[in-house]
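Inside the fold
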2 protein chains.
Amino acid sequence: MKASILTIGDELLAGITLDSNATWIGRKLMDLGIKTVHKLTVPDDTTEIVEAFKLSQEKGDITICTGGLGPTNDDITLKSFCEYTGSELQFDEDYYGRLINEFERRGYKMSETNRNQALIPDKGQIIPNPKGSARGVQFEKDGKTLFILPGVPGEMKTMMEETILPYLESLDKDNYHVINLRTTGLIESALFEMVSDLVENSEMAIAFIPGFTGVDIRLTTMDETELFELVNVLYDRIGNYIYAENWDPLEKAVGLILSQVSLTIAVAESCTGGLLADRITNNPGSSNYFFGGAVTYSNESKMNILGVKKATLEKHGAVSSEVAEQMAKGVRKKFKSDIGVGITGIAGPTGGSKEKPVGLTFIGLDVNGEVKVKKAVFTNDRRYNKELAVQSALNLVRIALL
Amino acid sequence: MKASILTIGDELLAGITLDSNATWIGRKLMDLGIKTVHKLTVPDDTTEIVEAFKLSQEKGDITICTGGLGPTNDDITLKSFCEYTGSELQFDEDYYGRLINEFERRGYKMSETNRNQALIPDKGQIIPNPKGSARGVQFEKDGKTLFILPGVPGEMKTMMEETILPYLESLDKDNYHVINLRTTGLIESALFEMVSDLVENSEMAIAFIPGFTGVDIRLTTMDETELFELVNVLYDRIGNYIYAENWDPLEKAVGLILSQVSLTIAVAESCTGGLLADRITNNPGSSNYFFGGAVTYSNESKMNILGVKKATLEKHGAVSSEVAEQMAKGVRKKFKSDIGVGITGIAGPTGGSKEKPVGLTFIGLDVNGEVKVKKAVFTNDRRYNKELAVQSALNLVRIALL
């Protein structure tokens, strides 16, 4: 079973609104083993919407369409649906009465514009909306199904979860099985080469999805046994680079390991400016293992808070292996944690030199007194360097504890 | 001039990756007065990609296509481009040599797979990629232009900013003029009410775009004089809420003010876990005014590093106005800065009580010894609470210095 996603609205095209609906829907469908093969966004224009209905239904067995169901004059999805299917809008007196009651209950006077929310096409079934006034439509023809939902994320999600997903799950269909392996520490091409024979000899759909701080390997197949076999082989080959299955971020994997081994952590950051602490504390419950951090941007704060030695700063400079080491040791001591991390580098875009280019970064790690320092040269971009350094630091902690 | 956006990749359809590229591109085009009328995502499949090139070019005068330019076997955009245009891939020996050098410089051995990055079609012009190995293509035919870029956001954005946007700006076309006013501190309806008469009496397209940490007001018109007049009136009415024009983030506005008044800042964070320091240090040159920060997650670190009093913690709890005040004072003293900020709150999802619910946050501000504390109750979502608290803290600093 293949799916099309169709989202309607000028605001999506102009980049005013991030189209997170389509992402959410694609993921939910994939979880049911339904592959999305087409995703289209068109403006609030009847001709374009009708054409989009047609194209979307050609591509997918099911089409999920969101947006343009509101009460104002630029909401023309139902009108377009009528043109597409040859149906007519009818006024639902009963629903209108219920709407008025609902508005009163919530202490609002219902405006005349909202009368439009009681209009519904005479073809297709109504999809109830427990969270708002705009109802959806389900329309079947020639073995294909079109679902129309409002674009308000909370309403759309509730209607998907309460009506559409249970319906799709109940259908008799061949399911895909999907596993996503999240890796970090190797670039796409290097990772690919370690497993290229497996990829080339497998009938499975294997996608390498490079992200900025790692590569996801996604395996999709109808054959669950074959899937688990290949996953096992991949763990044998590149297990050290795999930090999670499915969608968990690295800080969650690290948090899990820290909890399992009952170790605590504190971090000292220069060039990453607090991003490492921010990532760690995105994980609920991180207060159980994260004692805190110091963002020591100035040399003085490195000495004053972390006890980095003046002589070291003068001899080797703030961006040096020696300073990263003293930062890791110092923050561990200061916060009385088991593990200390220290990051110092040149984030850019300026401040680089020939010996110490922008992107040069040292990451110190002190695990119960055992200290090591990793050196890396990242990019010319400030934000990238912060993200890469943080990912690298989290991975250093993960590997040290494996 | 109308634009199509075409994004390629199974991962976008399956909802693995949020299609933020399309949003970013739509916004940048709108800034140039170019309207996006079609946005399509198709899988890594040559037939589908070729068909999508055709449809996108039918709808738009320009088409911006991203994705599928990597070195692995599922990267087939250039192959599809060749089929679409009747061109052939050629091996660029010179570029290959440069790639090898670049890999060496960064300490990697270049893998064989990356040879593919030196393949380039014999039709169209090359768009250089200063941030990665995958180059883009610009192809003109019958008055329509197709741009192909990599899907990695940082690479795509740099190539747009350095090559494509300047090119589009140089074209002779009827331009929209757009100004985006960024506000924070008021919800959409309150902001709207302060200027509703202006909005209703203007022929200009005025959009209120509520974001998570503020509302953007976007004005679009062909009449530049009228635009500047309205902007001036808006500044008179709601100037205190406007922190920037166009897309600059709040930390940039705050950095600018700090530089102008020559004041330095240090921050102490509990519930925001380093995000405030991270935001501040995203701004290049922030080391001129940012001395550093302390992420004091535990009570002990609040006492130990910031000098928060044990009695205060015991009497009022870590999430209290009194502790926020002591954190702000303490971090200012510790880092010897002019301004100190202290944030303490309950990020959630757990840890709330009836008196102190999840989302409760106190933000202390110490400007040269003058101290105030702001109290807020945000949401039930951990990440949202972090972002809202940080935005609120930055705005507190901005307003104190106005």
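Here's what I pulled together on the structure shown here. Small disclaimer: the values here were computed from a predicted structure and weren't measured. (Residues numbered from 1 in each chain as written. Chains lettered and ligands numbered in written order. Predicted model: local features only at pLDDT ≥ 70, side-chain atom pairs only at ≥ 80, totals over all residues. Heavy atoms only, no water.)

**Thoughts on the overall build of chain A**
Each helix and strand counted, chain A has 14 helices and 17 strands in total. Compactness check: chain A gives a C-alpha radius of gyration of 27 Å against a globular reference of 21 Å for 402 residues, more than 25% above the reference. Considered along the principal axes of its C-alpha atoms, chain A spans approximately 80 × 55 × 40 Å. Per-residue burial for chain A yields a buried fraction of 56% across its 402 residues. Looking at chain A alone, contacts between residues at least 24 apart form 65% of all its contacts between residues at least 6 apart. Summed over its atoms, the accessible surface of chain A is roughly 17100 Å², and 47% of this surface lies on carbon and sulfur atoms. The centroid of the 43 positive side-chain charges in chain A is displaced by 10 Å from the centroid of its 55 negative side-chain charges. (Helix = DSSP H or I, 4+ residues; strand = E, 2+ residues; numbered from the N terminus. Rg over C-alpha atoms; globule rule 2.2 N^0.38 Å. Buried < 20%, exposed > 50% of the residue type's maximum accessible area, 1.4 Å probe, protein only. Contact = heavy atoms within 4.5 Å. Areas by Shrake-Rupley, 256 points an atom, 1.4 Å probe, with all protein chains shown as cover. Lys, Arg positive; Asp, Glu negative; His and termini not counted. Charge placed at Lys NZ, Arg CZ, Asp CG, Glu CD.)

**With respect to the packing of helix H7 (residues 188-201) of chain A against helix H8 (residues 224-238) of chain A**
Residue and element names in this part refer to chain A. Their axes nearest at 11 Å, the elements H7 and H8 cross at an angle of 140°. As summarised for this structure, H7 and H8 are arranged oblique, according to the angle between their axes. When you trace H7 past H8, the crossing you get is right-handed. Seen from H7, the contacting residues are Leu-191, Met-194, Val-195, Asp-197 and Leu-198; seen from H8, they are Leu-230, Val-233, Leu-234, Arg-237 and Ile-238. Residue composition of the contact of H7 with H8, grouped by class: eight nonpolar, no polar and two charged. (Axes fitted to C-alpha atoms, helices over the stretch in contact; angles between N-to-C directions. Parallel < 35°, antiparallel > 145°, perpendicular 65-115°, else oblique. Left-handed = near helix turned anticlockwise from the far one by under 90°. Nonpolar A, V, L, I, M, F, W, Y, C, P; charged D, E, K, R; others polar.)

**Things to note about the sheet that holds strand E13 (residues 265-269) of chain A**
Through backbone hydrogen bonds, the strands of a sheet pair up, either in parallel or in antiparallel fashion. Pairing is mixed across the open sheet formed by ten strands, whose spatial order is E17(A)-E16(A)-E15(A)-E13(A)-E14(A)-E14(B)-E13(B)-E15(B)-E16(B)-E17(B). The sheet is open, and its two borders are formed by strand E17 (370-377) of chain A together with strand E17 (370-377) of chain B, each paired with just one other strand. For this sheet, the mean inter-axis angle between neighbouring strands, taken without regard to orientation, is 10°. The strands touched by helix H13 (residues 321-335) of chain A are E13, strand E14 (290-296), strand E15 (339-345), strand E16 (360-367) and E17 of chain A together with strand E14 (290-296) of chain B; relative to E15 of chain A, the strand with the most contacts, the crossing angle is about 145°. Sitting on the sheet, helix H13 (residues 321-335) of chain B touches E14 of chain A together with strand E13 (265-269), E14, strand E15 (339-345), strand E16 (360-367) and E17 of chain B, and the angle it makes with E15 of chain B is about 145°. (Pairing = 2+ DSSP bridges.)

**Details of the sheet that holds strand E1 (residues 2-8) of chain A**
One open sheet holds the twelve strands; their spatial order is E6(A)-E7(A)-E8(A)-E3(A)-E1(A)-E2(A)-E2(B)-E1(B)-E3(B)-E8(B)-E7(B)-E6(B), and the pairing between them is mixed. Of all the strands in the sheet, the pair left with one neighbour each is strand E6 (125-127) of chain A together with strand E6 (125-127) of chain B. Averaged over neighbouring strand pairs, the angle between their axes works out to 20° when direction is ignored. Examined bridge by bridge, E6 of chain B and strand E7 (residues 136-141) of chain B share three bridges and lie antiparallel to one another.

**Quick notes on the pattern of salt bridges**
As enumerated under the stated definition, the model contains 36 salt bridges over all chains in all. The partner of Asp-94 of chain B in a salt bridge is Arg-98 of chain B, with the nearest N and O atoms 3.8 Å apart. Linking Asp-94 of chain B with Arg-98 of chain B, this pair stays in helix H5 (residues 93-105), spanning four residues, or about one helical turn. For Arg-98 of chain B, a relative accessible area of 48% translates into the label partly exposed. Look at the salt bridges and you will find they share partners, linking Asp-278 of chain A together with Arg-383, Lys-386 and Glu-387 of chain B into a network. (Salt bridge = Lys/Arg side-chain N within 4 Å of Asp/Glu carboxyl O.)

**Side note on the interface of chain B and chain A**
If you look at the interface, chain B gives 76 residues, while chain A gives 74 residues. In this structure, the connection of chain B to chain A is made through eleven salt bridges. A salt bridge links Lys-59 of chain B to Glu-51 of chain A; its shortest N-O distance comes to 2.8 Å. Our count for the chain B to chain A interface comes out at 47 residue pairs in polar contact (both at pLDDT 80 or more). No other element matches strand E2 (residues 35-42) of chain B, which puts seven residues into the side of chain B that touches chain A. Taken together, the residues of the side of chain B that touches chain A break down into 27 nonpolar, 27 polar and 22 charged. Summarising the sheet, E14 of chain A and E14 of chain B pair through five bridges and their orientation is antiparallel. If you follow Thr-296 of chain A over to E14 of chain B, its bridge partner there is Gly-292 of chain B. (Polar contact = N/O pair within 3.5 Å; in protein donor to acceptor, adjacent residues only side chain to side chain.)

**Topic: the side chain of Gln-326 of chain B**
Residue and element names in this part refer to chain B. By the element assignment, Gln-326 lies in helix H13. A polar side-chain atom of Gln-326 sits 2.8 Å from a polar atom in the side chain of Thr-312. Filtering out sequence-adjacent residues up to four positions away, Gln-326 remains in contact with Leu-306, Gly-307, Val-308, Lys-309 and Thr-312.

**Digging into the nonpolar core**
Grouped together as the largest cluster of nonpolar side chains are 38 residues, with contacts concentrated most on Leu-6, Phe-53 and Ile-148 of chain A together with Leu-6, Phe-53 and Ile-148 of chain B. Counting residues in hydrophobic clusters, the runner-up holds 36 residues, among them Val-254, Leu-263, Val-341 and Ala-393 of chain A. (Core = buried A, V, L, I, M, F, W, Y, C linked by side-chain atoms within 4.5 Å.)

**A short note on helix H9 (residues 250-261) of chain B**
For an α-helix, the turn length of 3.6 residues means that residues three or four places apart are oriented alike. All names here are of chain B. Over its twelve residues, H9 runs 17 Å from end to end, which matches the ideal 16 Å to within 8%, given 1.5 Å per residue. Looking at the buried residues of H9, the elements they touch are strand E12 (242-245), E13, helix H10 (275-281), E15 and helix H14 (382-401). Where H9 ends, the next residue or the one after it, Ser-262, has phi of about 55°, a positive value. (Expected span 1.5 Å × (residues − 1).)

**Quick notes on the packing of aromatic side chains**
Residue and element names in this part refer to chain A. With the rule as written, the count across this model stands at eleven aromatic pairs over all chains. Note on Phe-81 and Phe-139: the rings are 5.4 Å apart at their centroids and 85° apart in plane angle, and the pair reads as edge-to-face. Placement of Phe-81 in helix H4 (residues 77-85) and of Phe-139 in strand E7 (residues 136-141) is noted, with a sequence separation of 58 residues between them. Across the pair, exposure class does not vary: Phe-81 and Phe-139 are buried alike. (Phe/Tyr/Trp six-rings, centres within 6.5 Å; stacked < 30°, edge-to-face > 60°.)

**Details of the environment of Phe-290 of chain B**
Checked against the element boundaries, Phe-290 of chain B lands in strand E14. With 25 residues separating them along the chain, Phe-290 of chain B and Ile-265 of chain B place their C-alpha atoms 5.1 Å apart. The contact partners of Phe-290 of chain B, leaving out residues within four places of it in the chain, are Val-295 and Tyr-297 of chain A together with Ile-265, Val-267, Ala-277, Ile-280 and Thr-281 of chain B.

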